[in-house]
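Architecture at a glance
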Number of protein chains: 2
Amino acid sequence: MKDNYCVIMGGGIGSRFWPFSRETYPKQFLDFFGTGRSLLQMTFDRFSKIIPVENIFIVTNEIYAPLIAEQLPELHPEQLLLEPSRRNTAPCIAYASYHIRACNPNANIIVAPSDHLILREDIFLQDVQKALNFVKENNALVTLGIKPSRPETGYGYIQSSDTMLGDFTKVKTFTEKPNLELAKIFQESGEFFWNSGLFVWNVNTIMAAFSKYLPDISARFDLGIGKFNTPEEKAFIQENFAYCLNISIDYGIMEKAENVYMLCVDFGWADLGTWGSLYDIGGKDEQENAILRGSRTMMYESTGNLVAMSDPQKIAVVQGLEGYIIAESKNVLMICKKEEEQRIKQFVADLQLKYGKEYS
Amino acid sequence: MKDNYCVIMGGGIGSRFWPFSRETYPKQFLDFFGTGRSLLQMTFDRFSKIIPVENIFIVTNEIYAPLIAEQLPELHPEQLLLEPSRRNTAPCIAYASYHIRACNPNANIIVAPSDHLILREDIFLQDVQKALNFVKENNALVTLGIKPSRPETGYGYIQSSDTMLGDFTKVKTFTEKPNLELAKIFQESGEFFWNSGLFVWNVNTIMAAFSKYLPDISARFDLGIGKFNTPEEKAFIQENFAYCLNISIDYGIMEKAENVYMLCVDFGWADLGTWGSLYDIGGKDEQENAILRGSRTMMYESTGNLVAMSDPQKIAVVQGLEGYIIAESKNVLMICKKEEEQRIKQFVADLQLKYGKEYS
């Protein structure tokens, strides 16, 4: 148990949830469901049930340090690993791995995004425990693959093989987001699983993979050997992090490594990637409207809408709308057809041009 | 000039402009156009150019006294005539008439709503002056009739006759709001004019009309003779006003009296009765969207909408909407088809039932 570590990646900017998420307040810090806990807090709460709290690290951009300190006051400052620039998941995971190895050279690590939804926590924790036990004994990079419940085109997929090691199957390939036709074939085949972005490995296994597949990143961090987990770490990172390649762990390592195994899981998982995904998983009223966070609403002749008001006292009175996102937060009201939500990034860019940064 | 008086009626609740107007903040107090002056302030400013400021009275419900004092700090408290209960325009005008007669038994009075829009002020003031001069010499109840510019079904009409007294035509009938077919006939005939609710008369002429056509109201106010314009007036009104019949001046006097004359005018008048009327008169962007008060907006594939945001810093990003009212004020966001706006009163009633008075 004391060898088990958790790395929560909390540096995303989540622009697709604008205007709720802002560059200064990304989605992992939001309490989407009005439960009183943000996605990040829920992620932390979940892992703290099976990982010693002092072994949980959060890697994030340094601009979010105050927000994290506010949301997770139980964290010691040393549990925050701050990136001075944005560099995708591979450098983020490399940094955490070097730090953790300096704390404990036998560490088994689960790496998790900070903004996913997990509905069946007991099953999730069993699966994570099983994977941590597995990587302790096996030189394997483990990914958790979600059994698809629908032909989703918004996720990447993992193809399994027949080669098993206990409950773990050797991974054949990672695939990009498929079109609908292909997604249907994937789902029917029983061979393909959603790529959850949840990874489990021993620290030495991932370090070896970095050396082999991302030697530039590895070499850069090797310059800091002896400084990790010491007062010198911060200055070293400030000086070197920006030189790392901007590359994802999937593309940089998982798609190339030979020792990738998957645990097939089914714990009610969703990547809250878009307003539409929130609509899909959220409860609906009789008119199929999804009302987020218990927002106050009066809906007349309105169906299939998603309403999200950041102010719990504010009411939305809506007449005659079908299939829209109505999202209101601070200085922005957005009304947009659900099927057009991929344009939100463009709206934000247009707004910046016209009115400056205050809305993004 | 010193015999000329103005009565501004400022007691309406303007529920059709919800959520901008509230029971505690009706539309006459709102700055609809972002000019920095409310409709009431603009009405006051207008009359103060031809009427001595101390001769301008505002009749309103007592609950609005603090708002008026705030918006028109130049008014003396005695210029506010406060109604302890809501009783329509006839009792309101009777009260003002009794008060003004006690100030000046030769007073010529223009009675005006506080929430109308007048675009050509110079013409307006000339017409008002002409009417004030007319009623000084003639025993006439004068109404200003607006030359119709379209077959409007939202206004009452006045039918003129061939009998003229100078520029003033004797009125044949007042009519209710017509249907569209009839409104077209009215406009084409050249005989019918919009009833603006602007009245001009000598104080003795209107007093005589009250005696003849609304003797109950007259008798009630006669009980207070000697008290008007004295410290006893307030207590008298508190005690007696509620006994007055709830009736409009149009129905109670204008439709019945024999000495009603109309001055036909054309000074860019609009009764800002509904969101739709604001849309009709307001400027539009290239997509025929009317953006009120310079609200910040980004409109995509959206046409024929009215957007009104009470917070000037707040932006509305709207995609794929046609023909809606989008109005946001304090604790309410309303999105409603323009053609359904007559249901706003019902929305407010529903809201009260569900959430209490805080939204109405």
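See the structure above.
Overview of the structure. On a predicted model such as this, the values are computed, not experimentally measured, just so you know.

This part takes up the overall build of chain A. In terms of helices and strands, chain A carries 11 helices and 17 strands. For chain A, the spread of C-alpha atoms along the principal axes amounts to about 60 × 50 × 35 Å. Every one of the 360 residues in chain A was classed for burial, and the buried ones make up 57%. Pairs at least 24 residues apart make up 66% of the contacts formed inside chain A by residues separated by at least 6 positions. Roughly 14,800 Å² of accessible area belongs to chain A as shown, and the carbon and sulfur atoms make up 50% of that amount. Seen as two clouds, the 35 positive and the 45 negative side-chain charges of chain A have centres 2 Å apart.

With that settled, consider the sheet that holds strand 13 (residues 296–300) of chain B. Within the open sheet, the six strands sit side by side as 12(A)-14(A)-16(A)-17(A)-15(B)-13(B). Their pairing is mixed. What marks the edges here is a single partner per strand, and that holds for strand 12 (290–291) of chain A together with strand 13 of chain B. Here strand 14 (residues 306–309) of chain A pairs with strand 16 (residues 324–329) of chain A via four bridges, running parallel. Following the sheet pairing, Ala-308 of chain A is matched in strand 16 of chain A by Ala-327 of chain A. Strands strand 17 (332–337) of chain A together with strand 13 and strand 15 (315–319) of chain B of the sheet are contacted by helix 11 (residues 344–355) of chain A, whose axis makes an angle of about 140° with strand 13 of chain B.

All right, on to the sheet that holds strand 13 (residues 296–300) of chain A then. Strand order in this open sheet of six strands is 13(A)-15(A)-17(B)-16(B)-14(B)-12(B), and the pairing throughout is mixed. The open sheet terminates on both sides in strands that have one partner only, identified here as strand 13 of chain A together with strand 12 (290–291) of chain B.

Turning chain A through 180° and shifting it by 0.0 Å along the axis lays it on chain B, with an RMSD of 0.1 Å. With respect to symmetry, the two chain copies, as superposed, fit the operation of a two-fold axis. In this assembly the copies share their binding face: 100% of the residues contributing to the interface of chain A also contribute to that of chain B.

So, about the packing of helix 6 (residues 203–213) of chain A against helix 7 (residues 215–222) of chain A. Residues and elements named next belong to chain A. Put simply, helix 6 and helix 7 touch, their axes get as near as 5 Å, and they point 115° apart. Counting all contacts with helix 6, which are made through Phe-210, Ser-211, Lys-212 and Tyr-213, the residues of helix 7 involved are Pro-215, Ile-217 and Ser-218. Residues belonging to the contact of helix 6 with helix 7 are distributed by class as follows: four nonpolar, two polar and one charged.

Let's shift gears to the side chain of Ser-218 of chain B. Residue and element names in this part refer to chain B. Tracing the chain through its elements places Ser-218 in helix 7 (residues 215–222). Of note is the side chain of Ser-218, whose polar atom sits 3.4 Å from the side chain of Ser-211. Residues within four places of Ser-218 in sequence aside, it is in contact with Tyr-98, Phe-210 and Ser-211.

Quick look at the interface of chain A and chain B now. Where interface size is given, it is often the accessible area lost as the parts come together that is meant. Across the contact, 37 residues belong to chain A and 37 residues belong to chain B. Roughly 3,100 Å² is buried in total at the junction of chain A and chain B, and carbon and sulfur atoms are behind 56% of that figure. Taken together, chain A and chain B are joined by six salt bridges. Taken together, the connections running from chain A to chain B amount to 30 residue pairs in polar contact (both at pLDDT 80 or more). Among the elements of the structure, strand 13, strand 15 (315–319), strand 16, strand 17 and helix 11 of chain A are those that each provide at least two residues to the side of chain A that touches chain B. Here the side of chain A that touches chain B is built from residues that sort into 20 nonpolar, six polar and 11 charged. Summarising the sheet, strand 17 of chain A and strand 15 of chain B pair through four bridges and their orientation is parallel. Bridge pairing in strand 15 of chain B places Val-332 of chain A opposite Ile-315 of chain B.

Turning next to empty space enclosed by the protein. Residues and elements named next belong to chain B. In total, this model carries three cavities of 30 Å³ or more according to the counting rule given. Each pocket or cavity is described by its volume, and for the largest cavity that value is around 40 Å³. Surrounding the largest cavity, Thr-43, Arg-46, Phe-47, Ala-112, Pro-113, His-116, Ile-118, Phe-124 and Leu-198 form its lining. For the lining of the largest cavity, the secondary structure elements donating two or more residues are helix 1 (39–47), strand 4 (108–113) and strand 5 (116–118).

Next up on the list: the packing of aromatic side chains. Enumeration over the complete set of coordinates arrives at 48 aromatic pairs over all chains. Between Tyr-5 of chain A and Phe-57 of chain A the ring centres are 6.3 Å apart and the planes differ by 10°, which places this aromatic pair in the stacked class. On the criterion of sequence distance, the pair formed by Tyr-5 of chain A in strand 1 (residues 4–9) and Phe-57 of chain A in strand 2 (residues 56–61) is long-range, its members being 52 residues apart. Here the aromatic rings of Phe-134 of chain B and Phe-168 of chain B are separated by 3.8 Å at their centres, their planes lie at 10°, and the arrangement is stacked. On the criterion of sequence distance, the pair formed by Phe-134 of chain B in helix 4 (residues 121–137) and Phe-168 of chain B in strand 8 (residues 168–175) is long-range, its members being 34 residues apart. Classification of Phe-134 of chain B by relative accessible area gives buried; the value is 8%.

Residues and elements named next belong to chain B. Relative orientation of the contacting elements helix 3 (residues 89–103) and helix 6 (residues 203–213) amounts to 135°, with a least axis distance of 10 Å. Comparing their axes, helix 6 and helix 3 come out oblique. The two elements helix 3 and helix 6 cross, and the hand of that crossing is left-handed. Side by side, helix 3 and helix 6 meet where Ala-90, Ile-93, Ala-94, Ser-97, Tyr-98 and Arg-101 of the first sit next to Val-203, Asn-204, Ile-206, Met-207 and Phe-210 of the second. Looking at side-chain class alone, the contact of helix 3 with helix 6 contains eight nonpolar, two polar and one charged residues.

Attention now moves to the pattern of salt bridges. The final tally for this structure, using the stated rule, is 28 salt bridges over all chains. For Arg-296 of chain A, the salt bridge is made with Glu-358 of chain B, and the minimal N-O distance between the two is 3.3 Å. Note that Arg-296 of chain A is positioned in strand 13 and Glu-358 of chain B in the segment after helix 11 (344–355), a pairing that runs across two chains. On the basis of relative accessibility, which here comes to 21%, the residue Arg-296 of chain A falls in the partly exposed class.

Turning our eyes to something else, we now look at helix 3 (residues 89–103) of chain A. Every α-helix carries 3.6 residues per turn, so stepping three or four residues along brings you back to the same face. For helix 3 of chain A, with 15 residues, the first-to-last C-alpha span of 21 Å sits near the 21 Å given by 1.5 Å per residue. Buried within helix 3 of chain A we find Ala-90, Pro-91, Cys-92, Ile-93, Ala-94, Tyr-95, Ala-96, Ser-97, Tyr-98, His-99 and Ile-100 of chain A.

So, on to unusual backbone geometry. All names here are of chain A. The residue after Trp-18, namely Pro-19, is reached through a cis peptide bond having omega 5°. By the element assignment, Pro-19 lies in the loop between strand 1 and helix 1 (39–47). A positive phi angle, close to 60°, is found at Asn-229, a residue other than glycine.

The rules behind these values
- Residues numbered from 1 in each chain as written.
- Chains lettered and ligands numbered in written order.
- Predicted model: local features only at pLDDT ≥ 70, side-chain atom pairs only at ≥ 80, totals over all residues.
- Heavy atoms only, no water.
- Helix = DSSP H or I, 4+ residues; strand = E, 2+ residues; numbered from the N terminus.
- Buried < 20%, exposed > 50% of the residue type's maximum accessible area, 1.4 Å probe, protein only.
- Contact = heavy atoms within 4.5 Å.
- Areas by Shrake-Rupley, 256 points an atom, 1.4 Å probe, with all protein chains shown as cover.
- Lys, Arg positive; Asp, Glu negative; His and termini not counted.
- Charge placed at Lys NZ, Arg CZ, Asp CG, Glu CD.
- Pairing = 2+ DSSP bridges.
- Axes fitted to C-alpha atoms, helices over the stretch in contact; angles between N-to-C directions.
- Least-squares fit on C-alpha atoms with pLDDT ≥ 70 in both.
- Nonpolar A, V, L, I, M, F, W, Y, C, P; charged D, E, K, R; others polar.
- Polar contact = N/O pair within 3.5 Å; in protein donor to acceptor, adjacent residues only side chain to side chain.
- Buried area = accessible area lost by both parts, 1.4 Å probe.
- Salt bridge = Lys/Arg side-chain N within 4 Å of Asp/Glu carboxyl O.
- 1 Å grid on protein atoms, 1.4 Å probe; cavity = no way out; pocket = protein on both sides within 12 Å on 5 of 7 lines; lining within 4 Å.
- Points joined across faces, edges and corners; volume = space filled by probe spheres on them.
- Phe/Tyr/Trp six-rings, centres within 6.5 Å; stacked < 30°, edge-to-face > 60°.
- Parallel < 35°, antiparallel > 145°, perpendicular 65-115°, else oblique.
- Left-handed = near helix turned anticlockwise from the far one by under 90°.
- Expected span 1.5 Å × (residues − 1).

That's the geometry; what it means functionally is another story.
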